[in-house]
Structure formats: structure tokens, C-alpha cells
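Secondary and tertiary structure notes
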Amino acid sequence: MTQPIPILVTGGAGFIGSHTCKHLAQHGFLPVTLDNLSTGHADAVQWGPLERADLRDAVAVEAAMRRHQVKLVMHFAASAYVGESVQDPALYYDNNVGGMIGLLKAAQACALDKIIFSSSCATYGEPQTSPVSETCPQIPMSPYGHTKLICEEMLQAYEQAYGLRHVALRYFNAAGSDPEGVLAERHDPETHLIPLALLAAAGQRGALSVFGDDYPTPDGSCVRDYIHVQDLAHGHLLAARYLLEGGPSVALNLGSGVGQSVFDVIHAIGRITGRPVPYDVAPRRAGDPPALWACAQKAKAVLGFETRRSTLDHIIQDAAPSFGLPCNKKEASHVRFVAE
Ligand code: UDP
């Protein structure tokens, strides 16, 4: 029997990282989580060892890489709240850029030359049009988006100087839950639309605030591209195989390629759970682009990546039970509506 290939997964105790570890373990890899547990949870690390360390401690990171003889790095660990990054940019530059510096120092010391980086659609800022392709200008509007762009640029420089190959994956709006219910739901703090709307429908918090209904979009609310966390995990698996087979560095969007409005989300939850989402309309939230969804063609061409569970219906169906909500599967049509 062939040995599983060890991959260092920074942030493997977090939301997308832990789903990816599960998926990697199911496909012949050994995920070695490296996490400082500042926001991650040790009980989410179930598919390989946990190394508790901070990325800014390059010596500790290098020791973990050597101990497990890792062949590739997946770098998820970062601070990830746009609003918080505006309030406390120092935290974001220190953790996200400082973490990348420590990680790359350790990788160089071990002659590790393959890395998959969690970038973000936040690097595009407020694009003129959607769908957004990888060639659109990257002009981030928040310190969070800026830290992701700096890290992408660092990877390009490291590639030219040292031959470190990378895949930068620019996620759109990660959503959804583990359909098998193995990974627990965490909502503290919760700032994202879909869990907040589910909590409101379940009566676990008050009415959802819709941040603006006067945008230049079909129904006046903001349009986003929601991608199921399982599809994100699969994108990472494909990117790992791509680098291990010698593929050159590339930046790719990971999105569904479909735009959904805030009201689309509200209506879909009401339809699928039978519980209407109580809501009121609030002022626009600072820094929100009106519409942002991905052109998903490049990831398909380069990796053969296609989403499987990234319809709103799948996302809501998978998440509803963990909010104590019923799920009417007949109502879940999986039809892609709105702009394609
Ligand atoms: N949103 C909203 N009410 C909320 C939270 C979010 O109307 O309580 C909107 C937000 O303005 C954006 C969309 O939902 O248009 C998705 O926001 P989220 O914070 O989930 O992700 P983001 O797009 O900011 O990464």
C-alpha cells in the first residue's frame, strides 16, 4: 500500500482548512495541521497530526515541516474579517503578512517548493463589472484584501528568485456545512450572511439586517457568489495534484460563477426550511461592492475544477439541520437563477 503524501495545512483547525483536511485524507494525503488555535479548534483536527505553532515562529514551522517530511504546503491560516481589518489593520498586516514571511522562510530552509495559498476576491476591491476574471485589476478596498494581495505578490517574487511554485486560489464567498455533520458549526463571532439569516429563521437571533436595498442590482440588494466549502476543499485537492505533477504557478478564482442577491438568500431559506427569515432594511455597509461574482472558466481549464454543491439550495440544505431548521428537500430545486 502506498503511503499517504504529507501536506502541511496551516490553519487546518479553521473552517475551510478543516474541511480540506477531511477531503485530503479521503484522497490519499496526510494533512498535517499547523495552527496556533487563536481562532481554530483542536477538535476540528481529526485527519492527521496537529502541530501547535505560530507561523511567525519560522524555527517552529521549519521543525514541523522536517518532522513530517511534508511535500507541499496549503496556507489557510490568516485573520479573515474585512470589517475587523479596517478597525485594526496592525493585526492583519502582522498576522497575515508576518505569517507568510515566517512560512516562506521555513519553506526555503527545507527546500520545499510548492505552496497553495488562500487568496480572496477581496483583492479585486470594487470591480467595474462582474463576472470578474483573473486579469481584472486588483485594487483591494480593505487592509484584509491588501494583505492577501501582498502575499500573492510575495509568491510571485519568490517564484522568480527561488523557484517556489504556487497556486493562489481567490475564493469568493465560502458558505455551507459538512453534509455528514462530522465537523461542528461555529458561529461566534458570526458576520456572514447565510448563517446569520439561518439563525434569524430559527429564532436564535433577531431580524436580519439587509445592508442596503438601493444598489444598482436587479432587486436592489448586493449580489455575491456563494461557493460551498466542500467545493473549495476539492479545488485544493486538484491544485495539490496540479503542483505535484509539475504545473507552473497560477492564480485562479474559486467561485460558482453565479451571482445571488441578499433577497435570493432570504427567499431560498424561506422556501427550503418553511421558516421565513425575518428581516429589516438597514443602511449600506461601508466597503460593500454592489455585485461581485466570479468568472470560473480558468479554474476549469487549468484544474478541471467544477462546483458540485454550490447552488444556494445545496448550501442551505446542508446547513439547515445544524441550525435546528427543517429542510424540505422537494423545495430544493438546485436551479441556478440570476446572472450566469
Ligand atoms: N449582508 C447583509 N446583512 C448581514 C450580513 C451581510 O445584508 O447581516 C450582506 C452584505 O452586505 C453582502 C452580503 O450580505 O452584500 C454578503 O456578506 P458577507 O459578510 O456574508 O460576505 P462578504 O461579501 O462581505 O465577504
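Please refer to the structure higher up on the page.
The rules we used
Residues numbered from 1 in each chain as written. Predicted model: local features only at pLDDT ≥ 70, side-chain atom pairs only at ≥ 80, totals over all residues. Heavy atoms only, no water. Core = buried A, V, L, I, M, F, W, Y, C linked by side-chain atoms within 4.5 Å. Buried < 20%, exposed > 50% of the residue type's maximum accessible area, 1.4 Å probe, protein only. Helix = DSSP H or I, 4+ residues; strand = E, 2+ residues; numbered from the N terminus. Axes fitted to C-alpha atoms, helices over the stretch in contact; angles between N-to-C directions. Parallel < 35°, antiparallel > 145°, perpendicular 65-115°, else oblique. Left-handed = near helix turned anticlockwise from the far one by under 90°. Contact = heavy atoms within 4.5 Å. Nonpolar A, V, L, I, M, F, W, Y, C, P; charged D, E, K, R; others polar. Near = heavy atom within 4 Å. Polar contact = N/O pair within 3.5 Å; in protein donor to acceptor, adjacent residues only side chain to side chain. Areas by Shrake-Rupley, 256 points an atom, 1.4 Å probe, with all protein chains shown as cover. Pairing = 2+ DSSP bridges. Salt bridge = Lys/Arg side-chain N within 4 Å of Asp/Glu carboxyl O.

Counting residues in hydrophobic clusters, the biggest one holds 29 residues, and the most contacted among them are I194, L198, L208, Y226, I269 and V277. Broken down by secondary-structure element, the contributors of at least two residues to this core are helix 6 (193–201), strand 8 (208–211), helix 8 (262–273) and helix 10 (312–319). In terms of nonpolar packing, the next biggest core, distinct from the first, is built from 28 residues, V229, L237, L252 and A299 among them.

In this section: the packing of helix 2 (residues 58–68) against helix 4 (residues 89–109). Packing of helix 2 against helix 4 brings their axes to within 8 Å, and their N-to-C directions diverge by 45 degrees. In terms of their interaxial angle, helix 2 and helix 4 are classed as oblique. Of the two elements, helix 2 crosses helix 4, and the hand of that crossing is right-handed. Facing helix 2, whose interface residues are A58, V61, E62, M65 and R66, helix 4 presents G102, L103, K105, A106, A107 and A109. Here the residues of the contact of helix 2 with helix 4 sort into seven nonpolar, one polar and three charged.

The full set close to the ligand counts 15 residues, and L193, S209, C222, R285 and D288 are the nearest of them. In the model, an oxygen atom of the ligand is placed 2.7 Å from a nitrogen or oxygen of the R285 side chain. Taking 510 Å² as the accessible area of the ligand by itself, protein coverage stands at 87%. Contributions of two or more residues to the shell around the ligand are made by helix 6 and strand 8. Considering each element in turn, the shell around the ligand owes the most residues, four residues, to strand 8. Across the shell around the ligand, the residue classes break down as eight nonpolar, four polar and three charged.

Packing of helix 8 against helix 10 brings their axes to within 10 Å, and their N-to-C directions diverge by 55 degrees. Looking at the two axes, helix 8 sits oblique to helix 10. Crossing geometry of helix 8 relative to helix 10 is assigned as right-handed. When helix 8 is examined against helix 10, the residues D264, V265, A268, I269, R271, I272 and T273 are found in contact with a partner set consisting of L312, D313 and I316. Split by residue class, the contact of helix 8 with helix 10 holds six nonpolar, one polar and three charged.

As summarised here, the arrangement of the seven strands in space is 3-2-1-4-5-6-11, forming an open sheet in which the pairing is parallel. Of all the strands in the sheet, just strand 3 (50–52) and strand 11 (250–254) have a single pairing partner and so form its edges. Taken pair by pair, the neighbouring strands of this sheet meet at an average axis angle of 20 degrees, ignoring direction. As defined by bridge partners, strand 6 (residues 165–171) adjoins strand 11 across five bridges and the pair is classed as parallel. Looking at the pairing, Y171 lines up with L254 of strand 11. Along the sheet, helix 5 (residues 143–162) makes contact with strand 5 (114–120) and strand 6, crossing strand 5 at roughly 155 degrees.

To continue, consider the pattern of salt bridges. A complete count under the given rule lists 14 salt bridges for this structure. Among the ionic pairs, E180 bridges to K22, the shortest N-O distance being 2.8 Å. In this pair, E180 is assigned in the loop between strand 7 (173–175) and helix 6 and K22 in helix 1 (residues 15–25), connecting sequence segments 158 residues apart. Among the salt bridges present, the one from R309 reaches D318, with a minimum N-O distance of 2.9 Å. A network of salt bridges, in which partner residues are shared, links K22, D178 and E180.

Coordinates in, geometry out; function isn't part of it.
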